[in-house]
Amino acid sequence: MAVGSCCSFRPVDVAARVKDREFSWKNSVGTRPRGEENREFFAALLRKCGNSRDLARGWRAHARILASEHLRRSLYLSNLAIEMFGRCGEIDQALAVFRALDRPNVFSWNITLAALSQNGHLDLARALFAAMPEKDVVSWNTMLAALAENPSRLGEARELFARMEELGSTSATSWVVMIAAFTRTGDVSSSRDLFERIESKNTVVWTSIVSCYAQNGLLDQASDLFERMPERNLVSWNVMIAANAQNGQMLKAKELFDRMPERDVVAWTTMVTGHCQNGESKKAMAAFTAMDLEGVEANEMTFVSFLDACAATTAIAQGRALHGDLLLRPAVWSNVIVKNAVVNLYGRCGEIESAREVFEGMSSWSRTIVSWTAMATAYAHNGFGRKAVDIFRAMVLEGVAPDGVSIVGMLYACNHAGMIEDGWQCLAGIEQDYSLAPAIAHYVCAIDLLGRTGRLREAEEVIDVMPFEPDFLAWNTLLAACRVHGDFDRAERAAERVLELDPGAVGSYILLDSSRYPS
């Protein structure tokens, strides 16, 4: 049964039984375990499968429930099965369970509505919402959130919100959902208008408007609202700390962090990540150490930021020690983002064999584009250009589509390995082979590729014909190549453009003169 075929929800549809083949379980149940008749046992199991997106185990639990005359009549378990299938992306089966219900309650409708919304079936969600015999505040907010999170359907969300106001069906959550929707589109004015209309403002509402200003770069206004809040919770503090960190204001972020009455893992991780992203790797490592001394358990993001800081400072001893610790944490080590960070660490520190060992230890299906790019970059940065290109080609053969970043990595590897033709083939095939629009970074790689081999006229022609306004890096790359190959007339033109784009780059002329007139 295709999802698209369920375009209406008449009462007769709801009462209809699902076909036997849609619940084919008879041959897969096997021996019934003890405690199968325990409803709470299967309720917990379905929740666990939904939270972990363990569809295979969820199917087995559902089949065993159906094998029990007593359990399969439980509306409670059926509702949890709908939720589990929805979270696992099996929307057809979620709908099948829903249709098999004799008397669905409001929770059944709401859970199915959430399953459709979370999986992007907004038209079906709207049809289900319209057919609901009874709607509660959860129904309204679920539909509102589904529409509001999609920028192309913000107009529908506005209309639904207005209808909710007329019917008196709004709650604090409804207002926060709409404020967040306007925040995502940069409509600070509409967010502020909504905020001012709310008669009873709780901490969540205050935090939503602070977040609106912060996310749109209006830190002074966000800070003013934050200081005016009657009460603050952990989320409020973390929003302001993150906003300052993301905008490079680490001193302000640290000031807020120090003022916090209590700190959770999110606050600590924000500080570690903020220092790392703002080029303060040693401070990131110090924050991670202080967090550990405070007894706060790190999460995956904290570990990744610490590994990135170790990579930036080539602190291989600390990074290797953490790697050893992570191997003792199966739940964390199973995270591919953590493994990618370890590959990057070893690559940046010149430990190619260690990087390759971690990369090879990943299952082929779990490797992402970031995994492949990290391994290719590790080879390229350590002078193994051909091996980097081989990794790129192996990635394509594995069916992993390159992105703009991995293409830059490939071109970088070709540049440093002197593989001119390979680089040109990659550059020429960006659109045709990979359906990607070339970015200015790709053209800069082409300029570097030509410049390294002395093809300076062609390098300058690339600057002239590329569909972007040449930036500082493009001209500076050409300037560096001209200096190396002694083409001082072309170098002078490039240096003039560099100074136009960055008047403070006087060093370009000084270096040019020192090359032209050596002492």
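Since the model is a prediction, treat every value here as computed from it, not as a measurement.

**A few points about the packing of helix H18 (residues 300–312) against helix H21 (residues 336–348)**
The axes of two packed helices give the description: the angle between them and the distance between them.
Thought 1: Axis separation between H18 and H21 bottoms out at 8 Å; the angle between their running directions is 10°. By the angle between their directions, the pair H18 and H21 is classed as roughly parallel. Here Glu 300, Val 304, Leu 307, Asp 308, Cys 310, Ala 311 and Ala 312 of H18 come into contact with H21, specifically with Ile 337, Val 338, Ala 341, Val 342, Asn 344, Leu 345 and Arg 348.
Thought 2: For the contact of H18 with H21, the per-class residue count stands at ten nonpolar, one polar and three charged.

**Comments concerning helix H26 (residues 420–428)**
Thought 1: Every buried residue of H26 is accounted for by Ile 420, Asp 422, Gly 423, Cys 426 and Leu 427. For H26, the angular spread of buried residues about the axis comes to 165°, placing them on one side. Along H26, the residues that are exposed and aim more than 90 degrees away from the buried face are Glu 421, Gln 425 and Ala 428.
Thought 2: Next to the buried residues of H26 lie helix H24 (385–397), helix H25 (404–417), helix H27 (430–434) and helix H28 (440–452).

**Examining the pattern of salt bridges**
Thought 1: In this structure the tally under the stated criterion is 27 salt bridges.
Thought 2: The closest approach of N and O atoms between Arg 72 and Glu 69, which form a salt bridge, is 2.8 Å.
Thought 3: With relative accessibility at 40%, the residue Arg 72 sits in the partly exposed group.
Thought 4: On the basis of relative accessibility, which here comes to 46%, the residue Glu 69 falls in the partly exposed class.

**Section: the packing of aromatic side chains**
Thought 1: All told, the structure shown has 13 aromatic pairs when counted by the stated rule.
Thought 2: Taking the centre distance of 4.2 Å and the plane angle of 25° together, the rings of Phe 288 and Phe 306 count as stacked. With Phe 288 in helix H17 (residues 281–293) and Phe 306 in helix H18, this residue pair connects regions lying 18 residues apart in the sequence. For the residue pair Phe 288 and Phe 306, the accessibility class agrees, reading buried in each case.

**Describing unusual backbone geometry**
Thought 1: Unlike most non-glycine residues, Arg 53 shows phi in positive territory, near 55°.
Thought 2: Looking at the secondary structure, you find Arg 53 in the loop between helix H2 (39–52) and helix H3 (55–66).
Thought 3: In this model, Thr 314 sits at a positive phi of 50°, which is unusual for a non-glycine residue.
Thought 4: Structurally, Thr 314 can be placed in the loop between H18 and helix H19 (316–326).
Thought 5: Under the relative-accessibility criterion, Thr 314 is labelled partly exposed at 49%.

**Description of the environment of Pro 402**
Thought 1: The residue Pro 402 is located in the loop between H24 and H25 in this model.
Thought 2: Between the C-alpha atoms of Pro 402 and Asp 433, which are 31 residues apart in sequence, the distance is 9.8 Å.
Thought 3: When neighbours within four sequence positions are excluded, Pro 402 is seen to be in contact with Ile 369, Phe 392, Met 395, Val 396, Ile 407, Tyr 434 and Leu 436.

**Let's talk about the confidence of the model for the chain**
Thought 1: On average, residues of the chain carry a pLDDT of 86, and 90% of them reach 70 or more.
Thought 2: Contacts for the low-pLDDT stretch residues 1–36, under 50 throughout, to residues beyond four places or in other chains number 63 contacts.

**So, helix H7 (residues 122–131)**
Thought 1: Looking at H7, one finds that the buried residues are Leu 122, Leu 124, Ala 125, Leu 128 and Phe 129. One side of H7 holds all its buried residues, which, seen down the axis, span an arc of 155°. For H7, the exposed residues lying more than 90 degrees away from the buried face are Asp 123 and Ala 130.
Thought 2: For H7, the secondary structure elements touched by its buried residues are helix H5 (91–99), helix H6 (106–118), helix H8 (137–148) and helix H9 (154–167).

Criteria and cut-off values
- Residues numbered from 1 in each chain as written.
- Predicted model: local features only at pLDDT ≥ 70, side-chain atom pairs only at ≥ 80, totals over all residues.
- Heavy atoms only, no water.
- Axes fitted to C-alpha atoms, helices over the stretch in contact; angles between N-to-C directions.
- Helix = DSSP H or I, 4+ residues; strand = E, 2+ residues; numbered from the N terminus.
- Parallel < 35°, antiparallel > 145°, perpendicular 65-115°, else oblique.
- Contact = heavy atoms within 4.5 Å.
- Nonpolar A, V, L, I, M, F, W, Y, C, P; charged D, E, K, R; others polar.
- Buried < 20%, exposed > 50% of the residue type's maximum accessible area, 1.4 Å probe, protein only.
- Arc of directions from axis to C-beta.
- Salt bridge = Lys/Arg side-chain N within 4 Å of Asp/Glu carboxyl O.
- Phe/Tyr/Trp six-rings, centres within 6.5 Å; stacked < 30°, edge-to-face > 60°.
- pLDDT = per-residue confidence, 0-100.

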